[in-house]
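Chain residues, written in single-letter form:
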Amino acid sequence: MGPQIGWSPLVPPLSVQQFKFGQSNPTYLLTDSKGTKAVLRKKPTLNKKLISKTAHAIEREFFMLASIKNINDRRPKENHVPVADVFLLCEDEQHIDAVFYVMQFVKGRIFHDPSLSPVKSTQDRSQIWDAVLDTASAIHSIPSNELFDQLPTRFFKKPTPNPKVTYFDRQVKSLNKIHDLQSRDVDQIPHFKETSKWLLKNAPKDPEVPHLIHGDFKIDNFVFHPTKPIIIAVLDWELCTNGHPLFDLANVLQPFCMPPSLNKYFAKFDIDEDPHLVDRVLDGYIEKAKPDWDPKKLWTVGVVFGLYRVAVICQGIAQRVVRGVASSAEAQQTARLFPHVGDLAFKLTNSDPKL
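The sections below set out a description of the structure shown in this document. Here the structure is a predicted model, which means the values were calculated and not measured. (Residues numbered from 1 in each chain as written. Predicted model: local features only at pLDDT ≥ 70, side-chain atom pairs only at ≥ 80, totals over all residues. Heavy atoms only, no water.)

## Regarding the pattern of salt bridges
- Counted according to the given criterion, the structure contains 14 salt bridges.
- A salt bridge links arginine 154 to glutamate 91; the nearest nitrogen and oxygen atoms lie 3.0 Å apart. With arginine 154 in the loop between helix H3 (144–149) and helix H4 (167–182) and glutamate 91 in the loop between strand S4 (86–90) and strand S5 (100–104), this residue pair connects regions lying 63 residues apart in the sequence.
- You can call glutamate 91 partly exposed: its relative accessible area is 36%.
- The salt bridge partner of lysine 296 is aspartate 283, with a shortest N-O separation of 2.7 Å. With lysine 296 in the loop between helix H8 (275–289) and helix H9 (299–323) and aspartate 283 in helix H8, this pair connects stretches of sequence that are 13 residues apart.
- A network of salt bridges, in which partner residues are shared, links Arg41, Glu61 and Asp236. (Salt bridge = Lys/Arg side-chain N within 4 Å of Asp/Glu carboxyl O. Helix = DSSP H or I, 4+ residues; strand = E, 2+ residues; numbered from the N terminus. Buried < 20%, exposed > 50% of the residue type's maximum accessible area, 1.4 Å probe, protein only.)

Written out as structure tokens, the structure reads:
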């Protein structure tokens, strides 16, 4: 059960409608007999049928959201991380053939275009980016020891200061395992091993104080207030972990570091590379979060790692297409992108003379 929740507030019968987003973990809008809405997220299949046991761990989302809720209750309001309430987690797969959880439906605006094209005012767009930075700073400032004390050790390993194995070390090792498993059914990602070696050589050590990172920090995972430039919920915590905040920054700014041709496929919008926006956002993060590391000096590492990870995700979608468990036209289109993303990541490893 979620914190301070007696039981699901839903009164059957329910209507169920699948959201278009959520290729990795199917997501549904539930509406009960009184019109109350909630959201259900589930794994794509039974645990025993999953290729990777770590790729669809929605249990992590449930426990992280519940723990952040508890942390928020003990922090000043200006440091709250905006999250939806979680009602229940069901790990008994006999009900809908997969692990699932049910959470609060937060009504607001979601911007699917990272360039914020629906927002016509330059001032409003600037305020939206300020809200993104406020949220990033709040996530990265959560007291890690207090948070991880609440989390089940089967999904979260409590961070230790200055570990021998850094966040980027862990991620590269994990992504290599997933890549090799997926390559049994589809082609390998071009230059994957070379890019892996480059990341292990150039990636930074973890900050002295371990940080929580969201892991999929991007504009369409934020629910904004219906009329104000305020984030009222951060969605999709499947990949959250203790790690390096550089990756969250690289992830939210990734569309502005990719060629328009790739953005057209991923975001379905015309988005140009925008180094000036990147600089402004990084400067804003430095001002708000006051990190003890320099995101500008490490920026190429962040961008390369972000693309490297996206290539693995797209390769996974390609595998599901081959296996017949992701047959939509959108999935098939995304499945074709991983060779191009892998090529771009490798190309960028040779582009920064500082590294």
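## Details of the packing of helix H2 (residues 122–140) against H8
- In the contact formed by H2 and H8, the axes pass within 10 Å of each other and the chain directions differ by 45 degrees. One finds that H2 runs oblique with respect to H8. When the axes of H2 and H8 are compared, the crossing they make is right-handed. Within the contact between the two elements, H2 uses Trp129, Asp130, Leu133, Asp134, Ala136, Ser137 and His140 and H8 uses Leu277, Val281, Gly284, Tyr285, Lys288 and Ala289.
- Classifying every residue of the contact of H2 with H8 by side-chain character gives seven nonpolar, three polar and three charged. (Axes fitted to C-alpha atoms, helices over the stretch in contact; angles between N-to-C directions. Parallel < 35°, antiparallel > 145°, perpendicular 65-115°, else oblique. Left-handed = near helix turned anticlockwise from the far one by under 90°. Contact = heavy atoms within 4.5 Å. Nonpolar A, V, L, I, M, F, W, Y, C, P; charged D, E, K, R; others polar.)

## Concerning the pairing of strand S2 (residues 27–31)
- The element S2 is largely enclosed, with a buried count of five among its five residues.
- A two-sided burial pattern is seen for S2, the buried positions comprising Thr27, Leu29 and Thr31 on one face and Tyr28 and Leu30 on the other.
- Of the strand pairs in this sheet, strand S1 (residues 15–18) and S2 are connected by four bridges, and their pairing is antiparallel. Counted as the bridge partner of glutamine 17 is leucine 29 from S2.
- Across five bridges, S2 lies against strand S3 (residues 37–42) in antiparallel orientation. Paired with leucine 29 across the strands is valine 39, a residue of S3.
- Between S2 and S3, which pair antiparallel and follow one another directly, the connecting turn spans five residues, one of which, glycine 35, has a positive phi of 90 degrees. (Pairing = 2+ DSSP bridges.)

## A look at the sheet that holds S4
- Strands sit in the order S1-S2-S3-S5-S4 across an open sheet of five strands; the sheet is antiparallel. Both outer strands of the open sheet, S1 and S4, are each paired with one neighbouring strand and no more. Taken over all neighbouring pairs, the strand axes of this sheet differ in orientation by 20 degrees on average, direction set aside.
- Lying over the sheet, helix H1 (residues 58–72) contacts S3, S4 and S5, oriented at roughly 145 degrees with respect to S4.

## Structural notes on the nonpolar core
- Among the nonpolar cores identified, the biggest contains 97 residues, and Trp237 and Trp299 are the most heavily contacted of them.
- Of the residues forming this core, the biggest block, 13 residues, is contributed by H9.
- Grouped together as the second largest cluster of nonpolar side chains are 10 residues, Leu10, Ala38, Phe87 and Phe100 included. (Core = buried A, V, L, I, M, F, W, Y, C linked by side-chain atoms within 4.5 Å.)

## Some words on the state of the cysteines
- What the rule picks out here adds up to zero disulfides.
- Of all cysteine sulfurs in the structure, the one in cysteine 314 sits closest to cysteine 257, which takes part in no disulfide; the separation is 17 Å.
- Judged by its relative accessible area of 16%, cysteine 257 is buried. (Disulfide = S-S within 2.5 Å.)

## A look at the environment of alanine 57
- Tracing the backbone shows alanine 57 in the loop between S3 and H1.
- Each C-alpha atom of the pair alanine 57 and tyrosine 28 lies 17 Å from the other, and the pair is 29 residues apart in sequence.
- Not counting the four nearest positions on each side in its chain, alanine 57 is found in contact with Lys43 and Glu238.

## A few points about the side chain of aspartate 248
- Tracing the backbone shows aspartate 248 in helix H6 (residues 246–253).
- The charged side chain of aspartate 248 is buried without a salt bridge, its nearest counter-charge being arginine 309 at 7.9 Å.
- With residues near it in sequence (within four places) discarded, aspartate 248 still touches His140, Ile213, His214, Gly215, Asp216 and Phe217. (Lys, Arg positive; Asp, Glu negative; His and termini not counted.)

## Description of H8
- Over its 15 residues, H8 runs 21 Å from end to end, which matches the ideal 21 Å to within 8%, given 1.5 Å per residue.
- Looking at H8, one finds that the buried residues are Leu277, Val278, Val281, Leu282, Gly284 and Tyr285. Each buried residue of H8 sits inside an arc of 160 degrees when the element is viewed along its axis, so together they form one side. Residues of H8 that are exposed and point over 90 degrees away from its buried face: Pro275, His276, Arg280 and Glu287.
- Of the surrounding elements, those touching the buried residues of H8 are H2, H6 and H9.
- Looking one or two residues past H8, lysine 290 carries a phi angle of roughly 50 degrees, positive in sign. (Expected span 1.5 Å × (residues − 1). Arc of directions from axis to C-beta.)

In short, shape yes, function no, at least from these values alone.
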